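Architecture at a glance
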Amino acid sequence: MRRQTSAVLLLAAATLLAGCDDDKKTSQNQQPAGQGSAQQGKIYKDLDACIADAPDMDHVKECREGYHQAMEKMADAPRFEQQARCEDVYGPGNCVPRGSVVEGGGSGFVPFMMGYMMGGGFGGGYGRTIYAPVFIDRTGSTYAGGTVINRPSWTGGAPAAARASSSVSRGGFGSTASARPTVGG
Amino acid sequence: MQRFDCAPRQDWQAAVEAVGFDFHTFDAAPYWREDAFWQFTPAEIDGFERVSNELHQMCLAAVEAVIADRKLPLFGITGLAAELVQESWARKDPHLYGRLDLAYDGSGPPKLLEYNADTPTSLFEAAIVQWYWKEAMFPGKDQFNSLEEGLIDRFQHLLRGIPSQDPRRHLHMSCILPNLEDEGNLKYLEACAIDAGFTTTRLDIADIGWDSQTERFVDLDEQVIARMFKLYPWEWMVREEFGRNIPASLTQFIEPAWKMILSNKAILAQLWEMYPYHDSLLPAGFDQAGITRLAPQGVVRKALLGREGANVTIYNGDGSIAESKDGDYGAEGFLWQARARLAKAGQTGTAVLGVWLIGDQARGLGIREADGLITTDDCHFVPHIFG
């Protein structure tokens, strides 16, 4: 049997495209629910994670309010003209069109909101509470409210990128290739 | 076997780009050429298929013998590399694909020039681009090409018996990014892997991470790399910084490390020793005088780890140089092989037949033409039909 049908090829191409979409969904869904108290406050992956951690209805309300305020602060998120430049900093697949998260956001890209921080945590007092989106760059550094949060604690595990730790090193493969255009034979 | 000139499709660039071929032209010169094509008889194609299957089986037997007879040092494979080769062979780590390069000029049996068993490219051209060309130009003719079925089948084989949540169902795919040609080959293999049921992650070889705490290779999301297809030579990996981490990593590599034996030109000497005067083998060895005596037509000197025609010298029967390419290889040693008769392509050019092995089966043919005698990275891919 030497013939191949073009249907098979088209199927593969379609799967490749679909596969990419699936990957993206998976990577977002797989971020485990997290809560925890860093010095700066509590960080939650999303609204559901905050509600799951709330001891009563007042705190549920605080979760919602904090989430909406953090979303509003996406307007202050670092903005990049090109998706690739954004991904250079925050990692592949971790950037979204600004218009999709900021009302009237126009062009450009911003990092995906990996979580949100409630400064002071529950009962911290409204006056002192900071609500801010949390971003994690590809080195694992975590940012909230414009400052770096070192090693925030995420109960139940952090989003994948947040686990970047000092035990991982990169660049140990590929050095031979630098002088050569292609590896083919 | 016959080469015909023909008119390219008027919109050939658009036609090949429509099937996803974005590296058809390099430095303003076409790499894909459809101003010519090759036509074979069904008997010739049957012959290529049979010979390639046989050569592949001979190669597997040669791997076994090289390891059993402790000949790895003759291949320059020592230390870490030898450890990886032996372990991967003992575990029977599965392989995916390879390309046997054959010399054939229409008379006599095809002869093995070498086996690109570790990082072969031009797969996408052979599997897809030339198929669509044939469908457009010669829909009534056939082509030696069941590459895509073969690849999907082989990837399914790699998934067999692996439970649904097992990380080995996820394939990390790595090459040097960005690189149009390598990436084109990688993306095509990725599409086939996904079709077979793998999930995949593509990453630059330089982005592979090593977690010293867990002793695993990880991707940019710090997900463990359980299985990795790498379009990157084994002999480079083993001498780079992370090479020493491979034994502890538990990562299963495709191609496996034992392919280092087959992609090394020293395999040609081993084959000639095991199967002397086989119809499809050229005399080959490390002894220049010995091979020269068997090859009045001339000999070829090849660097053991040379790639894309680099560090190859072709000698005429009188000892003068017919053609020579320099390059970065050769410190590892050279092999001598009797000169083969190559098919002529145009006034000065030659053609080499690349028969693709998917798993252990010959599945397709891709023809590359050189402007001179040595096929390098300046070669052209030219389509074929048969019947």
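Data block above holds the structure.
A short tour of the structure in this document, coming up.

Quick notes on the layout of surface pockets
All names here are of chain B. When its volume is computed, the second largest pocket comes out at roughly 810 Å³. What lines the second largest pocket is a set of 46 residues, and nearest its centre among them are Glu308, Arg368, Thr375, Thr376 and Asp377. Listed by contribution, the elements that provide at least two residues to the lining of the second largest pocket are strand 3 (29-30), strand 5 (97-103), strand 6 (111-116), helix 6 (180-196), strand 14 (299-303), strand 15 (312-315) and strand 17 (334-338). Residue composition of the lining of the second largest pocket, by class: 20 nonpolar, 13 polar and 13 charged.

Description of the packing of helix 4 (residues 123-137) of chain B against helix 6 of chain B
Residue and element names in this part refer to chain B. Look at helix 4 against helix 6: their axes get within 9 Å of each other, and the N-to-C directions meet at 65°. The hand of the helix 4/helix 6 crossing is left-handed. Taking contact as the criterion, the partners of Leu123, Phe124, Glu125, Ala127 and Ile128 in helix 4 are, on helix 6, Gly184, Asn185, Tyr188 and Leu189. Here the contact of helix 4 with helix 6 is composed, by residue class, of six nonpolar, two polar and one charged.

Structural notes on the nonpolar core
Residue and element names in this part refer to chain B. The biggest cluster of nonpolar side chains holds 76 residues, and the ones touching the most others in it are Phe40, Phe48, Ile77, Phe217, Trp234, Ile261 and Leu365. No other element matches helix 2 (residues 42-68), which puts 11 residues into this core. Here Phe40 is in contact with Met1, Ile45, Phe48, Leu353, Leu365, Ile367, His384, Ile385, Phe386 and Gly387, once residues within four sequence places are set aside. In terms of nonpolar packing, the next biggest core, distinct from the first, is built from 40 residues, Phe124, Val129, Leu171 and Leu186 among them.

Let's talk about empty space enclosed by the protein
A water-sized probe, rolled over the atoms, reveals where empty space remains. Residue and element names in this part refer to chain B. The final tally for this structure, using the stated rule, is two cavities of 30 Å³ or more. As a volume, the largest cavity reaches approximately 170 Å³. Lining the largest cavity are 20 residues, and of these Asn116, Ser263, Lys265, Gly306 and Arg307 sit closest to its centre. Ranked by residue count, the leading element in the lining of the largest cavity is strand 6, at three residues. Of the residues assigned to the lining of the largest cavity, the class counts are eight nonpolar, six polar and six charged.

Observations regarding the sheet that holds strand 7 (residues 170-175) of chain B
In sheet architecture, strand pairing relies on hydrogen bonds along the backbone and comes in two forms, parallel and antiparallel. Residues and elements named next belong to chain B. Taken in spatial order, the four strands line up as 8-7-11-12 in an open sheet, and their pairing is parallel. Across the chains shown, the open sheet's two edge strands, defined by having one partner strand only, are strand 8 (199-204) and strand 12 (252-254). Strand-to-strand, the axes of this sheet are offset by a mean angle of 25°, without reference to chain direction. Pairing of strand 7 with strand 11 (residues 227-230), which is carried by four bridges, proceeds in the parallel orientation. Bridging across to strand 11, Ser174 finds its partner in Lys230. On top of the sheet, helix 6 reaches strand 7, strand 8 and strand 11; it is set at about 170° to strand 7, its chief contact.

Section: the pattern of salt bridges
All names here are of chain B. Taken as a whole, this structure holds 18 salt bridges over all chains when the rule is applied. Arg3 serves as the salt-bridge partner of Glu369, at 2.8 Å between the closest nitrogen and oxygen. Taken together, the residues Glu369 in strand 20 (residues 361-370) and Arg3 in strand 1 (residues 2-5) connect sequence positions 366 residues apart. One salt bridge in this structure joins Glu273 and Lys71, with 2.8 Å as the shortest N-O distance. Remark: Lys71 occurs in the loop between helix 2 and helix 3 (79-90) and Glu273 occurs in helix 10 (residues 266-274); sequence separation between them is 202 residues. Residue Lys71 is classed as buried on the basis of its relative accessible area of 15%.

Some points on the packing of aromatic side chains
Applying the stated rule across the entire model yields 32 aromatic pairs over all chains. Arranged with centres 6.3 Å apart and planes meeting at 65°, the rings of A:Tyr90 and A:Phe135 form a pair that is edge-to-face. Pair noted here: A:Tyr90 is in helix 4 (residues 83-90) and A:Phe135 is in strand 6 (residues 131-136), with a separation of 45 residues, a long-range link. In this structure A:Phe135 comes out as buried when scored by relative accessible area, which is 7%. Between the aromatic rings of B:Phe26 and B:Tyr31, the centroid separation amounts to 5.9 Å while the plane-to-plane angle is 50°, which identifies the pairing as tilted. Note on B:Tyr31: relative accessible area 6%, which makes it buried. Against the face of B:Phe334 rests B:Arg301, its NZ or CZ located 3.6 Å from the ring centre.

Re the pairing of strand 19 (residues 349-358) of chain B
Residues and elements named next belong to chain B. Judged by how many residues are buried, strand 19 sits mostly within the fold: 10 of 10 residues are covered. Burial along strand 19 is two-sided: the face carrying Gly349, Ala351, Leu353, Val355 and Leu357 and the face carrying Thr350, Val352, Gly354, Trp356 and Ile358 are both buried. Pairing of strand 5 with strand 19 involves six bridges; the strand directions are antiparallel. Opposite Gly98, over in strand 19, you have Leu357 as the bridge partner. Sheet topology note: the strand 18 (residues 343-345)/strand 19 ladder contains three bridges and is antiparallel. The partner of Lys344 across the bridge, within strand 19, is Thr350. Between the end of strand 18 and the start of strand 19, which pair antiparallel, lie three residues, with Gly346 showing a positive phi angle near 75°.

Structural notes on the packing of helix 2 of chain B against helix 3 of chain B
All names here are of chain B. Here helix 2 crosses helix 3 at 125°, and the two axes come no closer than 11 Å. One element, helix 2, and the other, helix 3, form an angle in the oblique class. In this structure, the crossing between helix 2 and helix 3 has a hand that is left-handed. Here Leu60, Val63, Glu64 and Ile67 of helix 2 come into contact with helix 3, specifically with Val85, Gln86 and Trp89. Here the residues of the contact of helix 2 with helix 3 are counted per class, giving five nonpolar, one polar and one charged.

Rules and cut-offs
Residues numbered from 1 in each chain as written. Chains lettered and ligands numbered in written order. Predicted model: local features only at pLDDT ≥ 70, side-chain atom pairs only at ≥ 80, totals over all residues. Heavy atoms only, no water. 1 Å grid on protein atoms, 1.4 Å probe; cavity = no way out; pocket = protein on both sides within 12 Å on 5 of 7 lines; lining within 4 Å. Points joined across faces, edges and corners; volume = space filled by probe spheres on them. Helix = DSSP H or I, 4+ residues; strand = E, 2+ residues; numbered from the N terminus. Nonpolar A, V, L, I, M, F, W, Y, C, P; charged D, E, K, R; others polar. Axes fitted to C-alpha atoms, helices over the stretch in contact; angles between N-to-C directions. Left-handed = near helix turned anticlockwise from the far one by under 90°. Contact = heavy atoms within 4.5 Å. Core = buried A, V, L, I, M, F, W, Y, C linked by side-chain atoms within 4.5 Å. Buried < 20%, exposed > 50% of the residue type's maximum accessible area, 1.4 Å probe, protein only. Pairing = 2+ DSSP bridges. Salt bridge = Lys/Arg side-chain N within 4 Å of Asp/Glu carboxyl O. Phe/Tyr/Trp six-rings, centres within 6.5 Å; stacked < 30°, edge-to-face > 60°. Lys NZ or Arg CZ within 6 Å of the ring centre and 35° of its normal. Parallel < 35°, antiparallel > 145°, perpendicular 65-115°, else oblique.

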